[in-house]
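Listed below, chain by chain, are the residues.
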Amino acid sequence: MVDGHTGGSIPDYQMASFLMAVFFQGLNFAETVALTRSYINTGDVVDLASFPGIKVDKHSTGGVGDKTTLVLVPLVASAGVTVVKMSGRALGFTGGTLDKLESIPGFRVDLTVSDLKSVARRTGAVLAGQTGDLVPADKKIYALRDVTGTVECLPLIAASIMSKKIAGGADRIVLDVKVGPGGFMADLDRARALAEMMVALGREFGRSAVAVLSSMQQPLGLAIGNALEVREALLTLSGRGPADLTELCLQLGAQMLIAGGVVADAASGYDLLAGKLQQGAGLAKMREIVAAQGGLASVVDNPDLLPLAAALVVVRSAGSGYVQAIKANELGWASLLLGAGRMQKEDQVDPAVGITLSKKLGDRVAPGEALAVLYVNRKNNLQEAERRTAEAFTIGETPPEIPPLIYEIIS
Ligand code: URA
């Protein structure tokens, strides 16, 4: 079925029926393994065997303001683990890592397999788009799922993500599964089920995987939007990033160091990486990666060289009290309206626009105080973006319970 559809002998309407059947009936584990294998077999598999050591990849199911890859790849590489990371572009309201990286002038993400290997050999890390012809079945089937309402189906998601990770060639995989309205899985039970399925699939294909269930109850860090997120990632690499982003990167990074055989436990990995942040080792590695991929390396030390929006618009609080909730998905939509993401596949993203939060969950706010700042280049959707940003914040009299940053780790 998968082969025939990829090759064109099975039409979309037949595959759409199959997907809808799976959506309602589910797949058992053996069927999910078979689907994943058939996906992988439609394309190339990157061979990283010639690289010394254990190669580690990380994957996030994506969320609003999630720029962990931009911090983790250089930081973990600075501790001696080879990280080969292939990323995607924005889908829906979550920004894509490739779009973020392309806000660095000159930075090339379209590397061939041989470019990718050469950058990884020189710097120990690479941040690229999907190289070669990896899992062509997923490209076609994902597009079909998108238009047939069959994206939200656990075995289809697990096969889609893990086939690409396995074909990407890394030995071990750290998965960041986001939980909450700003991510892909709104509730913990479904996120856990997806995580368990992906870890089990990794094991089946000889790739050990660990999944971290992390909170997307509010945006991660303060910045949403491509260049704004690169700027925040650079700040985090210099040890001055927002507390939640820094903490999540240290915890995910510790898992990557365990996977890479550098440390035996999470506490040692955490301490090692915290030290690297203090020494600026991750920032130095980022400078090397940017230069190796053709980007303007001086951006790393001077983020003002990144694209800047023409105007700033402050969204202010009408009431007073505590920030009780921040709807990350609403902010994701607002940044999309400003041009930071894609409504249609062929849309161009504007690297400069987006939102920075002035308040996070649990902060006190007075009437007229700033909740967020919009970075604006075009005015056409501005009012709607302002409205959605204001409505994303719930202000009330009592302080909220702050959800944990990490719910659990599944290995
Ligand atoms: N990301 C993917 O790559 N595939 C899915 O099915 C869902 C999220």
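Let me sum up the structure you'll find in this document. (Residues numbered from 1 in each chain as written. Predicted model: local features only at pLDDT ≥ 70, side-chain atom pairs only at ≥ 80, totals over all residues. Heavy atoms only, no water.)

Let us look at the pattern of salt bridges. All told, the structure shown has 21 salt bridges when counted by the stated rule. In this structure, Lys100 and Glu229 form a salt bridge, with 2.9 Å as the shortest nitrogen-oxygen distance. Here the residue Lys100 occupies a position in helix 5 (residues 97-101), and Glu229 occupies one in helix 10 (residues 226-237), the gap between them amounting to 129 residues. Under the relative-accessibility criterion, Glu229 is labelled buried at 3%. Where Arg387 meets Glu391, a salt bridge forms, and the shortest distance between an N and an O atom there is 2.9 Å. Of the two residues, Arg387 and Glu391 both sit in helix 15 (residues 382-392), 4 residues apart, roughly one turn of that helix. For Arg387, a relative accessible area of 38% translates into the label partly exposed. Here the residues in one salt-bridge network are Glu330, Glu384, Arg387, Arg388 and Glu391, joined through shared partners. (Salt bridge = Lys/Arg side-chain N within 4 Å of Asp/Glu carboxyl O. Helix = DSSP H or I, 4+ residues; strand = E, 2+ residues; numbered from the N terminus. Buried < 20%, exposed > 50% of the residue type's maximum accessible area, 1.4 Å probe, protein only.)

Our focus in this paragraph is the sheet that holds strand 4 (residues 172-179). Spatially, the 6 strands line up as an open sheet ordered 3-2-1-4-5-13, and their pairing is mixed. Since the sheet does not close on itself, it has two edges, and those belong to strand 3 (125-129) and strand 13 (406-410), each with one partner. Strand-to-strand, the axes of this sheet are offset by a mean angle of 20°, without reference to chain direction. Direction of pairing for strand 1 (residues 55-60) relative to strand 4: parallel, over a ladder of 5 bridges. If you follow His59 over to strand 4, its bridge partner there is Leu175. Strand contacts of helix 4 (residues 68-78): strand 1, strand 2 (82-87), strand 3 and strand 4, with the helix running at about 160° to strand 2, the strand carrying the most contacts. (Pairing = 2+ DSSP bridges. Axes fitted to C-alpha atoms, helices over the stretch in contact; angles between N-to-C directions. Contact = heavy atoms within 4.5 Å.)

So, about the site of the ligand. Inspection of the region around the ligand gives Tyr142, Arg145, Ile157, Ser160, Ile161, Lys164 and Phe184 as its neighbouring residues. Ser160 is positioned such that a nitrogen or oxygen atom in its side chain is 2.6 Å from a nitrogen atom of the ligand. Contact with the protein chains hides 89% of the accessible area of the ligand, taken as 240 Å² for the molecule alone. Every element with two or more residues in the shell around the ligand is listed here: helix 7 (136-148) and helix 8 (154-167). Counting residues per element, the shell around the ligand draws most heavily on helix 8, at 4 residues. Taken together, the residues that form the shell around the ligand break down as 4 nonpolar, 1 polar and 2 charged. (Near = heavy atom within 4 Å. Polar contact = N/O pair within 3.5 Å; in protein donor to acceptor, adjacent residues only side chain to side chain. Areas by Shrake-Rupley, 256 points an atom, 1.4 Å probe, with all protein chains shown as cover. Nonpolar A, V, L, I, M, F, W, Y, C, P; charged D, E, K, R; others polar.)

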